[in-house]
Amino acid sequence: MVEIENSVRRYRVWFCLVILTLFFFRLWFSGTLPLSGDEAYHWEWSRHLALGYYDHPGLTAYLIRLSTFLFNGSTEISVRFVALVMLTLTAIVVFLLARSVTRDRGGTDIQAERAGFIGGFLILIIPIYAAFSTYISTDPPLIFFWTLSLYLLYRAFSKGTYLAWILAGMAFGFAVMSKFLAFFIIPASFLFILISVKDRKWLGQWQMYAAGGVCLLVILPFVIWNMQNGWPTFMFNFIYRQAHTGFHPEKAIEFVGGQALALSPVIFGCAIASLWWALKKWKISQDRASLFLALTSIVPLIYFFCVGFRRQVGLHWPTAGWIGAVVLWSCYTSMDWVDRKYARRIEKIGIIICLFITISLYLLVHIPQRWIESGWSYWGDPERINLGKSVERFGWRELGQKVYDVKKEMLSQQKKQRGVFVICNQYGLASSVAFYTPDQMDTHLWVSRKVHGENYRFWDNYSSMKHMDAIFLAKVRGNVSAVIPHLRMYFVSVGEPEYYPVILEGKEVRSFYMVRCHDFNGIAPAF
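What you see is a predicted model; the values in this text were computed from it and never measured. (Residues numbered from 1 in each chain as written. Predicted model: local features only at pLDDT ≥ 70, side-chain atom pairs only at ≥ 80, totals over all residues. Heavy atoms only, no water.)

1. Remarks on the overall build of the protein chain
Operational definition: Only DSSP runs of H or I reaching four residues or more are called helices, and only runs of E reaching two or more are called strands; each is numbered from the N terminus. Atoms considered for the radius of gyration are the C-alpha atoms alone. The globule rule reads 2.2 Å times the number of residues to the power 0.38. For each residue, the accessible area found with a 1.4 Å probe, counting protein chains only, is set against the maximum for its type, and the residue is called buried under 20%, exposed over 50%, and partly exposed in between. Computed with the Shrake-Rupley method and a 1.4 Å probe, the accessible areas treat only the protein chains shown as cover for residues.
Tallying secondary structure elements over the protein chain gives 20 helices and six strands in all. Taking 24 Å as the expected radius of gyration for a compact globule of 527 residues, we find that the protein chain reaches 25 Å, a close match to that expectation. Along the first, second and third principal axes, the C-alpha atoms of the protein chain reach 85 × 55 × 50 Å. Within the protein chain, the fraction of its 527 residues that count as buried is 53%. Put simply, the protein chain shows about 23900 Å² of open surface, and 65% of that area lies on carbon and sulfur atoms.

2. Some points on helix H4 (residues 76-104)
An α-helix turns once per 3.6 residues; consequently, residues spaced three or four apart project the same way. Threshold: Here a helix's expected span is defined as the number of its residues, less one, multiplied by 1.5 Å. Two axes define the bend at a residue: one fitted to the seven residues ending there, one fitted to the seven starting there, and the bend is the angle between them.
For H4, spanning 29 residues, the distance from its first C-alpha to its last is 42 Å, which sits close to the expected 42 Å at 1.5 Å a residue. Of all the bends in H4, the greatest, near 30°, is centred on Val-82. The element H4 is largely enclosed, with a buried count of 21 among its 29 residues. Of the residues trailing H4, Gly-106 is marked for its positive phi of about 95°.

3. Re the side chain of Thr-296
Selection rule: Side-chain atoms alone can form a polar contact between residues adjacent in sequence; in general such a contact is a pair of N or O atoms within 3.5 Å, and within protein one must be able to donate a hydrogen while the other accepts it.
Its location among the elements puts Thr-296 in helix H14 (residues 288-307). A polar contact is formed between the side chain of Thr-296 and the backbone oxygen of Leu-293, at a distance of 2.6 Å.

4. Section: the side chain of Thr-437
Quick reminder of the rule: For this analysis, residues touch if any pair of their heavy atoms sits within 4.5 Å.
Note that Thr-437 resides in the loop between helix H18 (427-436) and strand E2 (443-445). Setting aside anything within four residues of it in sequence, one finds Thr-437 in contact with Gly-400 and Val-403.

5. A few points about the pattern of salt bridges
Close approach of charged atoms allows side chains with opposite charge to pair. The following threshold applies: A carboxyl oxygen of Asp or Glu within 4 Å of a side-chain nitrogen of Lys or Arg is what we treat as a salt bridge.
With the rule as written, the count across this model stands at 19 salt bridges. The closest approach of N and O atoms between Arg-103 and Glu-113, which form a salt bridge, is 3.5 Å. Within this pair, whereas Arg-103 is found in helix H4, its partner Glu-113 is found in helix H5 (residues 109-125), the two being separated by ten residues in sequence. One salt bridge in this structure joins Asp-199 and Arg-288, with 2.6 Å as the shortest N-O distance.

6. Details of the environment of Thr-60
Mapped onto the fold, Thr-60 is located in helix H3 (residues 59-70). Each C-alpha atom of the pair Thr-60 and Ala-482 lies 35 Å from the other, and the pair is 422 residues apart in sequence. If we skip the residues at most four places from it in the chain, Thr-60 touches His-42, Ile-136, Ser-137, Thr-138 and Pro-141. Reaching out from Thr-60, the side chain makes a polar contact with the backbone oxygen of Ser-137 at a distance of 3.4 Å.

7. A short note on the packing of helix H2 (residues 37-47) against H3
Quick note on the threshold: To define axes, lines are fitted to C-alpha atoms, for helices over the stretch in contact only, and angles between the resulting N-to-C directions are given on a 0 to 180 degree scale. An angle below 35 degrees is read as roughly parallel, one above 145 as roughly antiparallel, one from 65 to 115 as roughly perpendicular, and any other as oblique. Each residue gets one of three labels, nonpolar for Ala, Val, Leu, Ile, Met, Phe, Trp, Tyr, Cys and Pro, charged for Asp, Glu, Lys and Arg, and polar for the others, Gly among them.
In contact at an axis separation of 8 Å, H2 and H3 are set at 80° when each is read in the N-to-C sense. Considering the angle they form, H2 stands roughly perpendicular to H3. When H2 is examined against H3, the residues His-42, Trp-43, Trp-45, Ser-46 and Arg-47 are found in contact with a partner set consisting of Thr-60, Ala-61, Ile-64 and Arg-65. Across the contact of H2 with H3, the residue classes break down as four nonpolar, three polar and two charged.

8. A short note on the state of the cysteines
Just so we agree on the cut-off: Two cysteine sulfurs form what is called a disulfide whenever their separation falls within 2.5 Å.
Taken as a whole, this structure holds zero disulfides when the rule is applied. Free cysteine Cys-331: the closest other cysteine sulfur is in Cys-270, separated by 14 Å. Left without a disulfide partner, Cys-517 is nearest to the cysteine sulfur of Cys-424, which lies 11 Å away. Among the residues examined, Cys-517 registers a relative accessible area of 0% and is labelled buried.

9. Observations regarding the pairing of strand E6 (residues 507-520)
For the record, the criterion: DSSP calls a pair of strands paired once it identifies at least 2 bridges connecting them.
With ten of 14 residues buried, E6 is to be regarded as a mostly interior element. For strand E3 (residues 469-474) and E6, the ladder comprises five bridges, and the chain directions are antiparallel. Counted as the bridge partner of Ala-470 is Cys-517 from E6. By the bridge criterion, three bridges tie strand E4 (residues 491-494) to E6 in an arrangement that is antiparallel. By the bridge assignment, Ser-493 is partnered in E6 with His-518. Judged from the seven bridges that link them, strand E5 (residues 498-504) and E6 form a sheet pairing that is antiparallel. The residue of E6 that forms the bridge with Leu-504 is Lys-507.

10. Topic: the nonpolar core
Using the following cut-off: Side-chain atoms within 4.5 Å are what join buried Ala, Val, Leu, Ile, Met, Phe, Trp, Tyr and Cys residues into a set we call a nonpolar core.
The biggest cluster of nonpolar side chains holds 135 residues, and the ones touching the most others in it are Leu-122, Ile-126, Tyr-129, Ile-323, Val-403 and Leu-473. If sequence neighbours within four positions are ignored, Ile-126 has contacts with Ala-262, Leu-263, Ile-267, Val-326, Cys-354 and Thr-358. Within the second largest apolar cluster, 20 residues are counted, among which are Met-468, Phe-472, Val-480 and Val-515.

11. Focus on unusual backbone geometry
One non-glycine residue with positive phi stands out, namely Ser-264, at about 85°. Note on placement: Ser-264 falls in the loop between helix H12 (249-263) and helix H13 (265-285). Taking relative accessible area as the criterion, Ser-264 reaches 0% and is therefore assigned buried. A positive phi angle, near 45°, is found at Gln-440, a position not held by glycine. Relative to the assigned elements, Gln-440 resides in the loop between H18 and E2.

12. Description of the pairing of strand E1 (residues 420-424)
The side chains of a regular strand alternate between both faces of the sheet. Heads up, the rule is: For a crossover, the right-handed case is the one in which the path from the first strand over the helix to the second runs clockwise, viewed with the strands pointing away from the viewer.
Of all five residues in E1, five are buried; the element is thus mostly enclosed. Here E1 shows no split at all, with Val-420, Val-422 and Cys-424 on one side and Phe-421 and Ile-423 on the other all buried. Both E1 and E3 contribute to a ladder of five bridges, which runs parallel. Residue Ile-423 lies in a different strand from E3, and its bridge partner there is Phe-472. In this sheet, E2 lies alongside E1 in parallel orientation, the contact comprising three bridges. By the bridge assignment, Cys-424 is partnered in E2 with Leu-445. Handedness of the crossover is the feature at issue here: the chain leaves E1, passes through H18, returns alongside E2, and the resulting connection is right-handed.

13. Some words on the confidence of the model for the protein chain
Where the model shows low pLDDT, its predicted coordinates should not be examined in detail. The condition that has to hold: Confidence of the prediction at every residue is given by pLDDT, a number between 0 and 100.
Per-residue confidence for the protein chain gives a mean pLDDT of 90, with 93% of residues at or over 70. Within the model, the stretch residues 374-380 combines pLDDT values under 50 with twelve contacts to residues more than four positions away or in other chains.

14. Considering the packing of aromatic side chains
Quick note on the threshold: In summary, the pairing rule links any two rings of Phe, Tyr or Trp, Trp by its six-membered ring, whose centres are within 6.5 Å, and it sorts them by plane angle into stacked for under 30 degrees, edge-to-face for over 60 and tilted for everything else. Comment: the charge-over-ring label is applied if NZ (Lys) or CZ (Arg) is within 6 Å of the ring centre and within 35 degrees of the ring normal.
Under the definition given, this model contains 57 aromatic pairs. Taken together, a centroid distance of 6.1 Å and an interplanar angle of 20° make the contact between Tyr-41 and Tyr-456 stacked. You can see Tyr-41 sitting in helix H2 and its partner Tyr-456 sitting in helix H19 (residues 456-459), a full 415 residues away along the chain. Here Tyr-41 falls in the buried class, since its relative accessible area comes to 3%. Relative accessible area serves as the criterion here: at 1%, Tyr-456 is assigned to the buried category. An aromatic cluster of three or more residues is present, and its members are Tyr-41, Trp-45, Tyr-53, Tyr-427, Tyr-456 and Trp-459. Between Arg-510 and the ring centre of Trp-396, over which it is positioned, the NZ or CZ distance is 5.0 Å.

The following block contains the structure:
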């Protein structure tokens with residue numbers, strides 16, 4: 001008995017040590033890289049709080065706003081802190097879920113603790129989850145609330161408590177408020193209820209519908225905002241982003257390869273094997289836990305695989321869907337497969353390769369620019385995957401200071417203080433400039449409508465800027481030359497493009513272009 005207690009305690013202690021070590025390392029790491037354009041864009045959401053947003057629901061914006069408030073300012077760490085907290089909590093919930101599933105399936109205390117440890121540890125080191133622990137987007141909150149929803153739904157199905165159902169509805173509501181991909185939980189859960197005879201009873205009981213009501217209460221303000229604004233979030237996600245047509249089987253193959261890289265190859269194989277084993281366990285012994293967790297992975301993964309025949313699937317889109325498979329693997333390797341000769345050996349090899357890939361990613365993003373030739377690329381597609389694009393890491397603070405200085409100079413030249421505003425032709429550029437100017441000034445989008453970045457349409461109020469001067473920014477000279485005739489339609493005078501190089505260690509690593517515009521007519525630009 002004492003030996004068992006010591007073994008259980010050892011797994012818990014090691015898990016706590018791993019979590020704390022990685023938490024503080026990633027907290028430091030979060031401040032070593034500038035925000036990407038998308039991260040800065042989500043930060044801009046937090047500066048324009050609303051009940052809804054064009055691209056996605058607003059939970060990420062609210063969490064960033066809370067984090068920057070607690071840190072008393074907007075820095076790389078305060079903005080990304082949300083992602084770190086979400087993925088750390090995800091690992092903890094996976095630990096609890098894997099432990100509960102193993103116990104409910106007849107496992108010993110040691111097997112349950114081991115399953116929890118392996119599951120939580122994998123979430124901490126799998127490349128795609130490790131990346132999202134230091135990268136803020138809508139995905140970290142989705143991953144956490146997806147995982148919490150699975151844990152609470154599992155408890156609701158297995159224990160039947162009212163509280164578990166209500167909390168599951170709330171967690172699912174927050175998952176939807178993170179990203180619409182949370183909706184996959186609905187067909188997965190209903191398939192489970194329909195397939196599992198023992199669980200069909202829930203269709204006639206009020207607990208499940210009460211959970212749905214709680215979910216609707218959570219998302220109701222967001223739905224009302226969409227109703228008032230012409231359903232922009234729904235149009236973006238279900239119409240504009242689905243416009244790709246054609247048959248592209250190579251993209252489905254690319255999807256599978258991308259997921260193998262995102263999880264690391266061996267862990268990817270283990271996850272697939274666990275889903276196959278789960279269906280087998282259901283067929284042989286009506287293992288409800290295996291069926292439920294398997295469906296929460298199989299449903300989204302099959303969907304994205306099918307989408308891959310029509311268009312490219314984002315590497316990160318199915319990330320939450322792998323949670324069920326990871327939990328299943330940790331349970332099976334701790335219990336069902338414990339006597340199999342190669343199971344533990346494969347697991348160890350998978351963890352080693354997984355750690356190698358994740359550590360390599362952390363190192364790769366810090367390679368000095370002088371080590372990278374702009375012509376290098378991965379085999380097969382030099383245009384899409386080019387190491388020269390690492391220049392996006394550089395120059396943002398320098399550009400922010402330059403824009404700030406030019407704005408002060410233009411203000412000093414005005415006879416009457418009309419003001420100066422900043423306009424950009426890319427939403428990522430506009431957001432990054434806003435973040436990296438010393439006073440974190442407002443910026444505006446000056447470009448034709450595109451799929452992404454349309455939240456600026458809700459924020460920009462050009463009529464209020466009549467007679468103000470402006471600074472137009474772009475990253476490519478061709479974009480500047482093309483837009484100058486358009487700028488002249490709205491400003492009394494437009495200057496010539498100014499070239500601004502970013503110099504590091506005596507070498508130009510990238511450049512920006514700037515145009516000074518004077519006396520805006522106050523008319524919103526049309527393209």
